[in-house]
Amino acid sequence: MKKFWKWKNQKVLNQETQTETVERTLFLNGTIAEDSWFDDDVTPQMFKEELMDGNGNITVWINSPGGDCVAAAQIYNMLREYEGKVTVKIDGIAASAASVIAMAGDTVLMSPVSMMMIHNPMTIAFGDSGEMQRAIDMLSSVKDSIINAYELKTGLSRTKLAHLMDAETWMDAGKAVELGFADDIIKRNSGVDDMEMPQVSMLYSKTAVVNSLMDKIAEKCKIQQKNETENSNKVKADSLMSRLNLLKNWR
């Protein structure tokens, strides 16, 4: 089993009380569980024991393209049950299953250059039509459970969230904050607290791009219809064939 998480403890000075406290930091880098946590009792228990091994607030740094949705669901639940405050910081990408884990944060912050992506769950199935239908039903149930996490965080309607997932939606930090997937954008620590953040946000939809491209191709390939006046003096091919057949059959 390859661990995709790492803990680090560091002392932090409280500026108000001038007292030092130990801050626990969790780093989630790379694929979330290269081996699925389905039917795995050891790895989830190991993660939970390390999470519960300390107390106080924790910061979770995420830079992950996603991975196993079962592992993501369990980590989400563990973080939600943790007694201290959980602050999630996305410094690279939180895509697919990693975006579900991000929703566990009491506060979700994104780097100005980070991205978040949400899409429909996927799987591989083998068998007859019955097995295919069971796989479809399973994916539908998994999608509903993922929407639960997004809905609790964003307050968006389930229909809106389902459409965003269908379209495989990519969001920059500004758009994620605008839609409620994140609470704020990470700012530099010193001297620039009053710096105005960019107001431009970006949302990329794979479906929208494909549809736009198909429309452009269709427009280029469209056969222009000629005016009836231009065709009035021309004889259609079907008419000529009918006349030739009459001549061939005439005795």
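Sequence order as written defines the numbering, with residues in each chain counted from 1. Since the coordinates come from a predicted model, pLDDT governs what is reported: local features require at least 70, and pairs of side-chain atoms require 80 or more to be given and counted, while whole-chain, interface and lining totals use all residues. Side-chain descriptors were evaluated using all non-hydrogen atoms of the structure, hydrogens and water having been removed beforehand.

### Topic: the overall build of the protein
Put simply, DSSP H or I for four residues or longer makes a helix, DSSP E for two residues or longer makes a strand, and each gets a number counted from the N terminus. Check the secondary structure of the protein and you find nine helices and nine strands. Contacts in the protein between residues far apart in sequence, at least 24 positions, make up 66% of those at least 6 positions apart. Per element, the accessible surface of the protein, about 16400 Å² overall, is 53% carbon and sulfur. The contact rule is simple, with two residues in contact once any of their heavy atoms fall within 4.5 Å. Using the Shrake-Rupley algorithm and a 1.4 Å probe, accessible areas are obtained, with residue cover drawn only from the displayed protein chains.

### Re helix H1 (residues 42-51)
Taken together, the buried positions of H1 are Thr43, Pro44, Phe47 and Leu51. Looking straight down H1, one finds its buried side chains confined to an arc of 100 degrees; they lie on one side. Buried residues along H1 sit in contact with strand E1 (5-13), strand E2 (20-29), strand E3 (58-64) and helix H2 (69-81). Categorising residues by exposure relies on relative accessible area from a 1.4 Å probe, with only protein chains included: less than 20% of the type maximum marks a residue as buried, more than 50% marks it as exposed, and the intermediate range marks it as partly exposed. Of all possible arcs, the one meant is that of the directions from the helix axis to the C-beta atoms.

### Some points on the packing of aromatic side chains
Each pair of aromatic rings taken from Phe, Tyr and Trp, with Trp reduced to its six-membered ring, is defined by centres within 6.5 Å and is described as stacked if the planes are under 30 degrees apart, edge-to-face if over 60, and tilted in the remaining cases. Tallying each qualifying case throughout the model produces five aromatic pairs. Ring geometry for Trp5 and Phe47: centres 5.2 Å apart, planes at 80 degrees, overall edge-to-face. Placement of Trp5 in strand E1 and of Phe47 in helix H1 is noted, with a sequence separation of 42 residues between them. What links up through ring pairs into an aromatic cluster is the set Phe4, Trp5, Trp37 and Phe47.

### A few points about unusual backbone geometry
A positive phi angle is found at Ser96, which is not glycine, with a value near 55 degrees. Topologically, Ser96 is positioned in the loop between strand E4 (86-95) and helix H3 (97-102). Look at Ser96 and you get buried, because its relative accessible area is 18%. Phi is positive for Glu168, close to 50 degrees, though the residue is something other than glycine. Looking at the element boundaries, Glu168 is found in the loop between helix H5 (158-166) and strand E7 (169-172).

### Comments concerning the pairing of E4
Two faces belong to every sheet, and in a regular strand the side chains alternate between them. For two strands to count as paired, DSSP must find a minimum of two bridges between them. Bridge count for E3 against E4 is six bridges, and the pairing is parallel. Note that in E4 the partner of Trp61 across the bridge is Lys89. Between the parallel pair E3 and E4, the chain is carried across by H2, and the sense of this crossover is right-handed. Relative to strand E5 (residues 107-110), E4 runs parallel, the two sharing four bridges. In the strand pairing of E5, Thr87 is matched with Thr107. Pairing geometry for E4 and strand E6 (residues 115-118), over three bridges, is parallel. Looking across to E6, one finds that Ile93 is bridged to Met115. Look down the strands so they point away from you; if the path from the first strand over the helix to the second goes clockwise, the crossover is right-handed.

### Re the nonpolar core
Nonpolar side chains tend to gather and get buried jointly when the protein is soluble and globular. In plain words, nonpolar cores are sets of buried Ala, Val, Leu, Ile, Met, Phe, Trp, Tyr and Cys residues tied together by side-chain atoms within 4.5 Å. Counting 51 residues, the largest nonpolar core has Leu28, Phe47, Val60, Ile62, Ile90, Tyr150 and Phe181 as the members making the most contacts within it. Sort the elements by how many residues they give to this core and H2 lands first, with six residues. Ignoring sequence-local partners within four residues, the contact set of Val60 consists of Leu26, Leu28, Leu79, Val86, Thr87, Val88 and Lys89.

### Side note on the pattern of salt bridges
In the sections that follow, a salt bridge refers to a side-chain nitrogen of Lys or Arg positioned within 4 Å of a carboxyl oxygen of Asp or Glu. This model, assessed by the stated rule, comprises eight salt bridges. The closest approach of N and O atoms between Asp183 and Lys153, which form a salt bridge, is 2.7 Å. You can see Asp183 sitting in the loop between helix H6 (173-179) and strand E8 (184-185) and its partner Lys153 sitting in helix H4 (residues 129-154), a full 30 residues away along the chain. Assessed through its relative accessible area of 18%, Lys153 is described here as buried.

### Notes on the packing of H1 against H2
Note on geometry: axes are C-alpha line fits, over the in-contact stretch for helices, and angles between N-to-C directions span 0 to 180 degrees. Put simply, H1 and H2 touch, their axes get as near as 11 Å, and they point 25 degrees apart. Viewed along their axes, H1 and H2 adopt a mutual orientation that is roughly parallel. For the crossing formed where H1 meets H2, the hand is right-handed. Residue-level contacts link Pro44, Phe47, Lys48 and Leu51 of H1 to Gln74, Ile75, Met78 and Leu79 of H2. In these notes the angle categories are as follows: under 35 degrees is roughly parallel, over 145 is roughly antiparallel, 65 to 115 is roughly perpendicular, and the rest is oblique. When the near helix sits turned anticlockwise from the far one by under a right angle, the crossing is termed left-handed; a clockwise turn instead gives a right-handed crossing.

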